[in-house]
Amino acid sequence: IFLSDLLIACQMMFSRYHFVSKTFVKNSKYIKHANIFKQNISSQESKPCVIVERLDSLNVMTIGINRPQKRNCVNIEAAGLLISAFKEFEKDDQIHCAVLHGFGGFFCGGYDLEELSETPEKDRQKKISTIIFGDGPMGPTRMALTKPLIAAVSGYAVAGGLELASMCDMRVVEENAQFGVLCRRFGVPLIDGGTVRLPKLIGLSRAMDMILTGRLVGAEEALAFGLANRVVKKGTALNEAISLAKEISKSPQGCLRADRQSALYSSYEANDIDDAFCFEVENAAHVISEESIEGAKKFVSGQGKHGQFNVGDFN
């Protein structure tokens with residue numbers, strides 16, 4: 001049942017008691033709030049299903065899934081727009097970090113199965129091929145990003161939404177957020193990196209727990225798993241994630257990206273530990289002349305003492 005349906009049902013229930021003036025006045029407040037909620041949803045529906053905002057002064061970009069009436073489930077249009085947004089993020093030298101989030105109190109409910117189910121049988125095979133091959137059904141999940149990405153998770157991050165969150169480097173999670181492989185119930189597989197990334201993020205045993213049972217995992221358990229990096233109050237994940245992105249963007253970016261890439265290579269691509277060590281050195285060699293010498297001078301001058309982040313701008 002959608003929240004909008006529930007609110008309409010509540011309105012109908014409240015209207016039955018309008019003849020009692022006190023009750024009517026009290027209930028009319030609920031109806032007013034319900035109408036405001038519906039208006040907010042409607043205003044969001046009139047906007048694109050993916051909204052990109054540049055915070056130039058922070059060197060940060062936010063990418064928001066805007067299908068709240070569908071729990072921010074991703075359809076073909078939204079997937080294409082997400083790919084375009086992440087390509088824009090990658091090529092923009094002035095943007096150092098991005099935040100992925102969802103509008104309307106939901107992160108993402110996965111792929112839009114209604115769109116898939118309504119596809120005529122004669123077109124179904126072609127559509128399935130379009131969805132499966134390429135960048136991934138959810139859009140950017142198979143892209144190799146070179147810059148940090150943070151997920152601001154509110155409400156549900158389930159099925160493909162969990163896979164989107166898992167592709168991010170960090171996850172800032174609201175206290176009422178829920179993660180889960182809810183697609184388990186409907187025979188829909190994880191094909192946006194869920195079976196690849198989850199075991200790396202939280203270990204095989206915990207990943208198997210989530211993948212095989214499909215059960216929901218709350219914010220605190222996700223924090224204990226290592227799936228969540230921060231747990232914050234309801235309604236604050238986006239702002240907290242932007243603040244985190246702002247801090248990340250202040251660091252020398254060449255060194256930060258080299259270390260990030262080495263960690264990813266070691267986790268997903270290295271043949272063995274020697275291969276990982278070699279890549280780490282070769283990948284970071286250019287940073288010594290480009291940033292490390294300047295950083296050493298700042299250190300000698302007394303900046304950054306006692307763990308303070310007062311080193312100034314390298315970028």
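Computed from a predicted model, the values in this text were never measured in an experiment. (Residues numbered from 1 in each chain as written. Predicted model: local features only at pLDDT ≥ 70, side-chain atom pairs only at ≥ 80, totals over all residues. Heavy atoms only, no water.)

Describing the side chain of N283
Mapped onto the secondary structure, N283 falls in helix α12 (residues 273–300). A polar side-chain atom of N283 sits 3.2 Å from a polar atom in the side chain of S262. Not counting the four nearest positions on each side in its chain, N283 is found in contact with A258, Q261 and S262. (Helix = DSSP H or I, 4+ residues; strand = E, 2+ residues; numbered from the N terminus. Polar contact = N/O pair within 3.5 Å; in protein donor to acceptor, adjacent residues only side chain to side chain. Contact = heavy atoms within 4.5 Å.)

Observations concerning the packing of aromatic side chains
This model, assessed by the stated rule, comprises one aromatic pair. Ring centres of Y265 and F279 lie 4.0 Å apart, and the angle between their planes is 10 degrees; this geometry places the pair in the stacked category. With a gap of 14 residues between them, Y265 in helix α11 (residues 253–268) and F279 in helix α12 connect regions that are remote in the sequence. Judged by its relative accessible area of 14%, Y265 is buried. The ring of F89 carries K147 above its face, with NZ or CZ at 4.6 Å from the centroid. Over the aromatic face of Y268 sits the side chain of K200, whose NZ or CZ is 6.0 Å from the ring centroid. (Phe/Tyr/Trp six-rings, centres within 6.5 Å; stacked < 30°, edge-to-face > 60°. Buried < 20%, exposed > 50% of the residue type's maximum accessible area, 1.4 Å probe, protein only. Lys NZ or Arg CZ within 6 Å of the ring centre and 35° of its normal.)

Quick word on the confidence of the model for the protein
Per-residue pLDDT for the protein has a mean of 84; in total, 82% of the residues score no lower than 70. The model gives residues 1–42 a pLDDT under 50, and that stretch makes 22 contacts with residues more than four places away or in other chains. (pLDDT = per-residue confidence, 0-100.)

Looking at the layout of surface pockets
Here the largest pocket defines a volume of roughly 830 Å³. The wall of the largest pocket is formed by 31 residues, among which G109, G110, Y111, L113 and A159 lie closest to the centre. Going through the elements one at a time, α4 (113–117), α5 (121–132), β5 (156–158) and α6 (160–167) are the ones with two or more residues in the lining of the largest pocket. Each residue belonging to the lining of the largest pocket can be placed in one class, and the counts come to 21 nonpolar, three polar and seven charged. Space inside the second largest pocket adds up to approximately 550 Å³. If you trace the second largest pocket, you find 25 residues lining it, with M143, M167, R197, L264 and Y268 closest to the centre. Mapped by element, the contributors of at least two residues to the lining of the second largest pocket are α6, α7 (194–202) and α11. Counting residues per element, the lining of the second largest pocket draws most heavily on α11, which supplies seven residues. Here the lining of the second largest pocket is built from residues that sort into 12 nonpolar, five polar and eight charged. (1 Å grid on protein atoms, 1.4 Å probe; cavity = no way out; pocket = protein on both sides within 12 Å on 5 of 7 lines; lining within 4 Å. Points joined across faces, edges and corners; volume = space filled by probe spheres on them. Nonpolar A, V, L, I, M, F, W, Y, C, P; charged D, E, K, R; others polar.)

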